[in-house]
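# Tertiary structure, described
As a plain string of letters, each chain reads:
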Amino acid sequence: MTTQGDPRAARRGAAVRADSPAELVGPSHPERHGRVDRGAGDRPAWRLILAGAIAAALAMISEARLGPRDPEVADPSSWWGILPSGQPADTARGVLAATAGLAVIGLCLSWLLLLARARRGTISPRAAGAAALAWAVPFAVGPPLFSRDVYAYAAQGELARHGLDPATHGINSLLSREAGGGLFIAAVDPRWRDTHAPYGGLGVGVERACAALGDLLGTGAAGTVAALRVVALISTVLLVALALRLPGGPRRADQGGRSGRCRSGRTAAIVLALLAANPFVIIHLVGGAHLDALAAALLVAALVIDRGRVAGRGRGTGRAPSWALGATAVAFACLAGSVKATAFLGAGWLVFVHVRDAWHSGPAAATGRPGRRAAAIGTALAADTVAAALALLAGMAAGGFGPTWIGALATSGKLETGIAPASVFATLVDLAPRIVGLEWPGDSDAVLGATRALVLAVVGLTVAWLALRTWPARATARPATRPAAQATRPLTPDAVRPTGPEPGRRDDLVVVGFGGMALVLGSPVVYPWYLALSVPFLAALVALAPSPPGRQTRAAVGLIAVTSVWLCLATLSPLAATWRLLGRADPLLGAALVVVSAAVVSAATVPAVRRRTTVRRRTIPAPPPEARTRPR
């Protein structure tokens with residue numbers, strides 16, 4: 001007997017639609033319910049936030065109590081008593097290094113779980129923002145950790161305050177200026193005391209302003225470092241706020257009402273999870289107070305402005321001309337390059353896209369008149385050139401020096417980080433002939449230089465390919481809507497509505513995001529804070545992706561997750577003291593440590609796996625009512 005008319009079968013059939021078994025009605029697709037699911041999938045969110053906050057606090061305190069890694073370095077202050085007055089004993093160092101390492105691993109694991117929930121749509125933007133804030137507070141109030149670059153910033157600002165160009169003078173030049181210069185020098189890593197600063201005019205101007213503020217308050221090096229931390233905090237907040245605007249644009253017709261609000265909430269949660277709660281942002285941009293946060297905020301602002309140029313094209317006379325908004329975007333990108341030279345990738349892209357749009361948009365593209373097309377391209381290039389020149393001059397005026405920093409760009413390449421792909425490639429190339437008993441004609445430095453040049457060439461080709469593939473095959477112009485009485489009249493150039501990339505386009509995010517990531521991985525040296533100039537755009541790209549995600553979206557998420565965790569773990573303190581401590585300890589201690597670590601990992605991952613299994617069980621299609629029979 002069939003179940004037609006059976007109310008129990010009707011209720012069972014309503015849970016899962018039989019005509020579309022692939023449709024998910026569980027918490028993994030809450031946008032189909034018009035809201036962000038706050039049910040069982042988001043129930044333990046506060047536990048995840050608390051676990052990440054505890055891990056962040058432990059990482060900050062443990063790393064701070066380790067003190068400087070180089071015994072020749074001295075901190076200018078105790079930072080409210082958090083920093084030790086001397087080097088800890090070997091036993092304490094082993095315990096602190098292990099605690100800091102496990103805490104950073106725990107923070108990264110909490111972030112990955114948060115990211116998984118944001119992508120499934122089972123966490124709200126408020127929860128994602130609360131996680132980012134709770135995890136960042138310990139590093140915001142603690143001393144600079146995992147890098148001493150901010151102390152080099154402070155010393156370079158002091159150099160500029162005394163009228164010495166950091167691009168041509170080493171930090172040791174402060175010894176001849178005043179007695180207080182010794183505190184600046186003692187806090188800087190010895191590797192950077194005689195090198196020249198590769199930062200542009202705006203970066204030097206920010207450093208000099210912070211040094212002047214520290215001198216005005218009478219706090220010296222400690223006050224300068226604190227001022228730089230405030231600049232990093234403000235820049236990071238602006239970076240996140242502007243990144244939330246990147247996926248914006250006119251709401252599609254199918255996203256109105258509650259579903260549109262849900263889409264906006266899911267997008268914000270993904271951006272907050274991928275960027276604001278990212279360990280590299282929390283540990284290095286906030287905790288390390290790197291100037292990369294300022295450069296990234298300016299570059300994101302440039303792309304937001306340029307998206308406004310496309311969105312406002314042809315919408316009336318009340319808005320600024322498209323070439324003016326495009327020139328403003330180029331100016332912001334050049335200001336970002338005046339802080340970190342790698343940000344000029346965004347400026348180059350903006351000039352390229354302005355030429356592309358002038359070539360393919362407007363009446364000239366529709367009528368084929370080369371004069372109009374050349375005039376449009378000339379206007380765009382002239383506006384961009386003037387804006388770039390003014391921005392670079394403003395940056396040099398802020399720093400107080402000329403473009404001498406261009407010659408110091410090779411400073412970073414004088415060191416080698418073993419995790420850089422170019423260095424790994426050089427090691428493999430150097431070892432290959434030794435396997436068969438041969439030697440390269442040159443030394444290891446020559447091999448490293450050749451591999452770096454090859455990798456940079458690959459990066460350049462990658463960026464060029466990403467940009468050129470966005471060039472449309474042909475102009476796409478459509479006639480403007482005309483009354484029926486004028487339908488028989490021939491079209492004129494003024495009746496052609498200019499078209500181009502849609503406001504919700506993603507080509508700028510693809511080029512600057514993936515191209516910036518290629519530039520990061522292809523650099524001679526690689527550090528976590530370099531990711532600031534690519535992750536915001538990849539995060540917006542992921543947030544704009546439809547569901548289910550495509551290959552490009554999965555690649556962006558994988559790049560962000562792998563590089564962020566990998567680079568954060570690469571900057572941990574050496575564990576040599578920890579291994580010595582474990583070697584002297586009872587074997588039961590090592591076994592207990594392994595058991596505890598396995599328990600922590602299991603406690604963090606098993607609930608997530610269990611929830612995913614539950615969701616999959618809920619999505620098993622039920623048989624149609626006609627196929628079920630009432631039991632006898």
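Just so it is clear, the structure is predicted and the values come from calculations on it, not from any experiment. Residue indices follow the written sequence of each chain, beginning from 1 at its first position. It should be noted that, the model being predicted, local features are given only for residues of pLDDT at least 70 and side-chain atom pairs only at 80 or more, the latter also being counted only at that level, while totals for whole chains, interfaces and linings use all residues. Just so you know, side-chain values use all the structure's heavy atoms and leave hydrogens and water out.

### Considerations on the overall build of the protein
Counting its secondary structure elements, the protein contains 22 helices and two strands. For this analysis, residues touch if any pair of their heavy atoms sits within 4.5 Å. The contacts in the protein between residues at least 6 apart in sequence include a share of 79% that link residues at least 24 apart. Under the scheme used here, helices are H or I runs from DSSP no shorter than 4 residues and strands are E runs no shorter than 2 residues, and both carry numbers assigned from the N terminus.

### A few points about the environment of D215
With respect to the helices, strands and loops of the structure, D215 is situated in helix α7 (residues 201-217). Its relative accessible area of 44% is what places D215 among the partly exposed residues. Working definition: with a 1.4 Å probe on protein chains only, accessible area under 20% of the residue-type maximum means buried, over 50% means exposed, and in between means partly exposed.

### Regarding the environment of G157
Tracing the backbone shows G157 in helix α5 (residues 149-161). Under the relative-accessibility criterion, G157 is labelled buried at 0%. Taking the C-alpha atoms as reference, G157 lies 4.2 Å from E207; in sequence the two are 50 residues apart. In contact with G157, not counting residues within four places along its chain, are E207, R208 and A211.

### A closer look at a nonpolar patch on the surface
Each patch is built from residues that are more than 30% exposed by relative accessible area and take part in no salt bridge. Like charges join if they lie within 9 Å; nonpolar side chains (Val, Leu, Ile, Met, Phe, Trp, Tyr) join within 5 Å. Computed with a 1.4 Å probe, the accessible areas rest on the Shrake-Rupley method; for each residue, only the protein chains presented here act as cover. Salt bridges are defined by distance alone: a side-chain nitrogen of Lys or Arg within 4 Å of a carboxyl oxygen of Asp or Glu. On the surface, W46, L50, I54 and L58 cluster together into a nonpolar patch covering about 410 Å² of accessible area. Mapped onto the fold, W46 is located in helix α2 (residues 45-66).

### Comments concerning the nonpolar core
Residues enter a nonpolar core if they are buried and are Ala, Val, Leu, Ile, Met, Phe, Trp, Tyr or Cys, with the set joined through side-chain atoms within 4.5 Å. W135 and F139 are the most contacted members of the largest nonpolar core, which totals 137 residues. Looking at this core element by element, the count peaks at 11 residues for helix α11 (residues 292-311). Here F139 is in contact with A56, A59, M60, L107, L145, F146, R229, I282, I283, V286 and G287, once residues within four sequence places are set aside. One finds A422, V455, V459 and A518 within the second-largest nonpolar core, a separate group that totals five residues.

### Concerning unusual backbone geometry
The backbone phi angle of W79 is positive, close to 55°, even though this residue is not glycine. Among the structural elements, W79 can be located in the loop between α2 and α3 (90-120). At A289, a position not held by glycine, the phi torsion is positive, near 55°. Looking at the element boundaries, A289 is found in the loop between α10 (279-286) and α11.

### So, the pattern of salt bridges
Counting across every chain of the model gives 11 salt bridges. R161 is the partner of D215 in a salt bridge, and the nearest nitrogen-oxygen pair spans 3.3 Å. One end of the pair, D215, is in helix α7; the other, R161, is in helix α5, and 54 residues separate them in sequence. Connected through shared salt-bridge partners, D306, R309, R356, D357 and D507 make up one network.

### As for helix α4 (residues 125-141)
Taking 1.5 Å of rise per residue, 17 residues should cover 24 Å, and α4 covers 24 Å from first to last C-alpha, within 8% of that figure. Two axes enter the bend calculation: one fitted to the seven residues ending at the residue in question, the other to the seven starting there, and the bend is the angle between them. The sharpest bend along α4 measures roughly 25° and falls at W135, with the proline P138 sitting one to four residues further on. Every helix has an expected span of 1.5 Å times one less than the residues it contains.

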